[in-house]
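# Structural characterization, general
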Amino acid sequence: MKWTPELIWFFVGLVLLISEIIVPAVLFLFFGLGAWLVAIVCAFGILPNPNHQLLLFSFASVGFLFSLRKWVKNQFTGYTTDEQNADANLEDFVGEHVKVVETIDADQHTGAVEYKGAKWSALSDNDHPVGKVVKIKAIDGIKLIVE
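My aim in this report is to walk through the structure given alongside it, one point at a time. Worth saying up front: this structure is predicted, and the values here are computed from it rather than measured.

Its 18 residues give helix 1 (residues 5-22) an end-to-end C-alpha distance of 26 Å, which sits within 8% of 26 Å, the value for a rise of 1.5 Å per residue. Every buried residue of helix 1 is accounted for by Trp9, Gly13, Leu16, Leu17 and Glu20. Down the axis of helix 1, the buried set is contained in an arc of 100°. They therefore lie on one face. Turned more than 90 degrees off the buried face of helix 1, the exposed positions are Val15, Ile21 and Ile22.

Take the environment of Leu37 next. Structurally, Leu37 can be placed in helix 2 (residues 28-43). Residues in contact with Leu37, not counting those within four places in the same chain, are Leu56, Ala60 and Phe64.

It is worth spelling out the side chain of Ser124 at this point. Position of Ser124 relative to the elements: it lies in the loop between strand 3 (118-123) and strand 4 (133-140). Residue classification places Ser124 among the buried residues on the basis of a relative accessible area of 10%. Of the polar contacts made by the side chain of Ser124, one reaches the backbone nitrogen of Asn126; its length is 3.2 Å. Look past the residues within four positions of Ser124 in its chain and what remains in contact with it is Ile104, Ala106 and Val146.

Turning our attention to the packing of aromatic side chains. Tallied over the full model, the rule gives five aromatic pairs. With a centroid separation of 6.3 Å and an interplanar angle of 55°, the aromatic rings of Phe31 and Phe57 are classed as tilted. Of the two residues, Phe31 is situated in helix 2 and Phe57 in helix 3 (residues 50-77); the sequence distance between them amounts to 26 residues. Residue Phe31 is classed as partly exposed on the basis of its relative accessible area, which comes to 24%. Through a chain of ring-to-ring contacts, the aromatic side chains of Trp3, Phe10, Phe11 and Trp36 assemble into a single cluster.

The rules behind these values
Residues numbered from 1 in each chain as written. Predicted model: local features only at pLDDT ≥ 70, side-chain atom pairs only at ≥ 80, totals over all residues. Heavy atoms only, no water. Helix = DSSP H or I, 4+ residues; strand = E, 2+ residues; numbered from the N terminus. Expected span 1.5 Å × (residues − 1). Buried < 20%, exposed > 50% of the residue type's maximum accessible area, 1.4 Å probe, protein only. Arc of directions from axis to C-beta. Contact = heavy atoms within 4.5 Å. Polar contact = N/O pair within 3.5 Å; in protein donor to acceptor, adjacent residues only side chain to side chain. Phe/Tyr/Trp six-rings, centres within 6.5 Å; stacked < 30°, edge-to-face > 60°.

As structure tokens, then:
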């Protein structure tokens, strides 16, 4: 088997793509694509000079990286954001019925309810015994206001 430039570039690209699978950084993929582009160009005999091949590999890889990385990364990670709209998320609580798990004392501002399997501090204008089902009417920080 004769090691031609297109065969060498093909295997370099293959190793880089396998590296992407092993180390999923969404980085090696573009260098692998750059190597395969050089392999295709070499197969047509367009770039016989190794310096030109390295130059094409560099520009193609960096071009693929800057033009496609964000799109490819979004395909695998989906939409994410660092911002959270607390009002929209917390409004889902209002109107839900919850069970009192610690007596709610209106005077001492103590008590707790269970909502979706989690224990929440609860406040109310009236006292409520353990076991009673109450309705969430508002949210005050991390406490639920019930009625």
